[in-house]
Amino acid sequence: NVINLTIPYLYDFKLKPTFVKSSDNSKVLVNGVEQTSGETEVDFTKPVTYTVVGAEGGTRDYTVKVVNTGLPVVVVKHSGSGDFSKKYKGGVEIFGNNIGGTLVNQFVDFMVRGKDTDWVEDDQITVYNADGTLNCDVTGGVRLRGNTSRRRPEGNVGEQHSPDGDWHHAHFGVKFDEFVDDQTFCTADRIYLKWHKDDANYCREVYCYDLFRRFGVWTAIENCYCRLWIHVEGDSKPAYYGVYEMLEAIDDKYVKKRKELFGDHKHNLWKCGWGATLNYNDKNSSSFHVDDDSGNNYTYELKSNTENFEVAKAQLIEFMKNVTERQGQDFHDWIASVCDVRLLLRTYAVNVVVGMWDDYWNNCNNYYIYFNSSDSEDYKFFFIPFDYDNTLGTSSNCGVQSDSGRQSPLKWGDTQKNPLIGKLLEFDDLRQIYVDALREICSKDRDLLYYEASLSRIKKWHKLINSYVVNDTGEDCKMEDRPASWGNHHEYRLLDTNPDVNFFRVKAAAVDNL
């Protein structure tokens, strides 16, 4: 007598069920309270027991369990009130395009509040777990994210908000402790919500972080699929933005969660953007700065322990000097003393097999580093992988590369420019760690990159999300097996098993050639 209901697009578990009684003299009760079909509201965040009383007094109990699709659900509710006077000065420009102006669109103004402005305490964030139970319902901050990918979530410049809005996919950041100290979601004080930009397969970054974790790279963040609704005050219903990726932010809470592995959680976390070569010769052309919420892009941005910025900066520059100037056995012994080299090389092996060309070694971009002490000599250095959406066959003419599937894993980048990884591989013992890791990842005996195992995982994820990609933006409503259209190798596929085009098989062949 258990009834399991899966309800698509469910985000509010307070429902008014309808039912048909066998006679006018029968009753339907919940906790002794008689129910009226289509009128009595019931909270289904937990299983509900219905008691059916027949016309002659007999009873039978039915337990009703309501779930959504097996995906977490995020609902952002914006009241539309609050002080919008502090915003981008005249809007924000992304490559010359102004995506937000002064009070031209209340919803967009709410979303494009710049990093140089205050959050407005109007954003209600509700998160349901994959099993449909309520995780949190709190006040927090929400705003747009992205550099080249930042865009308006509704309409064009100058357009007013409309209940039938011209919605657009966009990346969002959610900050849970903006207005309530120490308020978190699953130990994180902030998360990122990313649409599957340029990924018609809806799986690339999900796959990559999953592979990191499967291979024991504990520095990789947590991530999962979710479904996103945004409800603007006054609208009759929320806008469904579709299947998104929910990602853990890399910040002090990320480090603290892993403090036993890092050895300490109170020191220097750096975000490394484009130009972060770790080359001492580039120190004068690089920008070093604290995370100041200005929206500016810095080469090296200190995300934690910011009150000790000068000490942290001096430590990083000394590290860069050692990476660049130490040679031979002196470099070998020094890096082994300040770094878990095996973890670093196994991390980089995953990075290379998934075809991450927009990375440290090839493009001096997209990674974090952490020093577990502020001492200039006595510390451990950790490399943290980041931003894996342009992978698995989305290739580009960049750095030394033109084909992220067939490029030799031993010649992935320019060691003269970005020295760390290439210098490690000059040593036989360290190169062997790296090559062994590459082969282990590609082995058909492991549930890792081998194409049959990869296809099985991707198909399982597709089965989970396929019914829910259609959304109110009208964008990305169909899953297709292809790389990004702007890439330079349009032949790559993930689900086609042809060895000439299947990215996993092409990559395995490149590793076999070592």
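Note: the structure precedes this text.
Residues numbered from 1 in each chain as written. Predicted model: local features only at pLDDT ≥ 70, side-chain atom pairs only at ≥ 80, totals over all residues. Heavy atoms only, no water.

Peer 1: Help me understand the packing of aromatic side chains in this model?
Peer 2: For any pair of aromatic rings, geometry is given as the distance between the ring centres together with the angle between the planes. A complete count under the given rule lists 35 aromatic pairs for this structure. Residues tryptophan 229 and tyrosine 240 carry aromatic rings whose centres are separated by 4.6 Å and whose planes lie at 40° to one another, so their mutual orientation is tilted. Of this pair, tryptophan 229 sits in strand β15 (residues 223-232) while tyrosine 240 sits in strand β16 (residues 239-248); the two residues are eleven residues apart in sequence, bridging distant segments of the chain. Of the two residues, tryptophan 229 and tyrosine 240, both sit in the buried class. Seen from their ring centres, phenylalanine 319 and phenylalanine 381 are 4.4 Å apart, and the 25° between their planes marks the pair as stacked. (Phe/Tyr/Trp six-rings, centres within 6.5 Å; stacked < 30°, edge-to-face > 60°. Helix = DSSP H or I, 4+ residues; strand = E, 2+ residues; numbered from the N terminus. Buried < 20%, exposed > 50% of the residue type's maximum accessible area, 1.4 Å probe, protein only.)

Peer 1: Teacher, can you tell me more about the sheet that holds strand β20 (residues 367-371) here?
Peer 2: Whether parallel or antiparallel, the strands of a sheet pair through hydrogen bonds between backbone atoms. Strand order across the open sheet formed by five strands is β18-β19-β17-β20-β21, with mixed pairing between neighbours. Lying at the two open borders of the sheet, with one neighbouring strand each, are β18 (288-290) and β21 (381-385). Averaged over neighbouring strand pairs, the angle between their axes works out to 25° when direction is ignored. Pairing geometry for β20 and β21, over five bridges, is antiparallel. Bridge pairing in β21 links tyrosine 370 to phenylalanine 382. (Pairing = 2+ DSSP bridges. Axes fitted to C-alpha atoms, helices over the stretch in contact; angles between N-to-C directions.)

Peer 1: Please explain a negative patch on the surface as it appears in this structure.
Peer 2: A contiguous patch of negative charge, built from Glu318, Glu325, Asp375, Glu377 and Asp378, is present on the exposed surface. Among the secondary structure elements, aspartate 378 is positioned in the loop between β20 and β21. (Patch = residues over 30% accessible without salt bridge, like charges linked within 9 Å, V, L, I, M, F, W, Y side chains within 5 Å. Areas by Shrake-Rupley, 256 points an atom, 1.4 Å probe, with all protein chains shown as cover. Salt bridge = Lys/Arg side-chain N within 4 Å of Asp/Glu carboxyl O. Lys, Arg positive; Asp, Glu negative; His and termini not counted. Charge placed at Lys NZ, Arg CZ, Asp CG, Glu CD.)

Peer 1: What exactly am I supposed to notice about helix α7 (residues 341-353) here?
Peer 2: Because an α-helix packs 3.6 residues into every turn, residues spaced three or four apart end up facing the same way. With 13 residues, α7 should reach 18 Å at 1.5 Å per residue; the first-to-last C-alpha distance of 18 Å fits that figure. Three or more residues of α7 are buried, namely Val341, Leu343, Leu344, Leu345, Arg346, Thr347, Tyr348, Ala349, Val350, Asn351, Val352 and Val353. Positive phi shows up at glycine 355, right after α7, with a value of about 75°. (Expected span 1.5 Å × (residues − 1).)

Peer 1: Which parts of the structure should I look at to understand the pairing of strand β8 (residues 73-78)?
Peer 2: Taken residue by residue, a regular strand's side chains alternate between the two faces of the sheet. With five of six residues buried, β8 is to be regarded as a mostly interior element. Where β8 and strand β11 (residues 123-128) come together, six bridges link them in antiparallel fashion. Among the inter-strand pairings, valine 73 is bridged to a residue of β11, identified as tyrosine 128. Bridging between β8 and β15 involves six bridges; their strand directions are parallel. When the bridges of β15 are listed, histidine 78 appears paired with valine 232.

Peer 1: It is not clear to me how the side chain of glutamine 183 should be interpreted in this structure. Could you clarify?
Peer 2: Counting through the fold element by element, glutamine 183 comes out in the loop between β13 (171-175) and β14 (190-194). Side-chain polar atoms of glutamine 183 contact the backbone oxygen of phenylalanine 176, separated by 2.6 Å. Those residues in contact with glutamine 183 that lie beyond four places of it in its chain are Val138, Thr139, Phe176, Asp177 and Asp189. (Polar contact = N/O pair within 3.5 Å; in protein donor to acceptor, adjacent residues only side chain to side chain. Contact = heavy atoms within 4.5 Å.)

Peer 1: I keep staring at unusual backbone geometry and nothing clicks. Help me out?
Peer 2: Most of the time, phi is negative for any residue but glycine, and the peptide bond is trans. For aspartate 198, which is not glycine, the phi dihedral falls at a positive 60°. Mapped onto the secondary structure, aspartate 198 falls in the loop between β14 and α2 (204-214). Judged by its relative accessible area of 26%, aspartate 198 is partly exposed. Phi is positive for asparagine 366, close to 60°, though the residue is something other than glycine. For asparagine 366, the position within the fold is in the loop between α8 (360-363) and β20.

Peer 1: Looking at this structure, how should I read the pattern of salt bridges?
Peer 2: Oppositely charged side chains can pair when the atoms bearing their charge come close. As enumerated under the stated definition, the model contains 24 salt bridges in all. The salt bridge involving lysine 194 is made with aspartate 389; its shortest N-O contact spans 3.4 Å. Linking lysine 194 in strand β14 with aspartate 389 in the loop between β21 and α9 (419-424), this pair joins segments that are 195 residues apart in sequence. Residue lysine 197 pairs with aspartate 198 through a salt bridge whose shortest N-O separation is 2.7 Å. Taken together, the salt bridges that share partners define one network made up of Lys194, Glu205, Asp387 and Asp389.

Peer 1: It is not clear to me how the sheet that holds β16 should be interpreted in this structure. Could you clarify?
Peer 2: Pairing in this closed barrel of seven strands is mixed, and the strands run β8-β11-β12-β13-β14-β16-β15 around the ring. Strand-to-strand twist of the sheet, defined as the mean angle between neighbouring strand axes without regard to direction, takes the value 35°.

Peer 1: Any chance you could explain the packing of α2 against helix α11 (residues 451-465) here in plain terms?
Peer 2: For any two helices packed against each other, one specifies the inter-axial angle together with the distance between the axes. Where α2 contacts α11, the two axes come as close as 12 Å, and the packing angle between them is 125°. Classified by the angle their axes make, α2 and α11 are oblique. When you trace α2 past α11, the crossing you get is right-handed. Contacts from Val206, Tyr207, Asp210, Leu211 and Arg214 in α2 reach Ser454, Arg457, Ile458 and Trp461 in α11. (Parallel < 35°, antiparallel > 145°, perpendicular 65-115°, else oblique. Left-handed = near helix turned anticlockwise from the far one by under 90°.)

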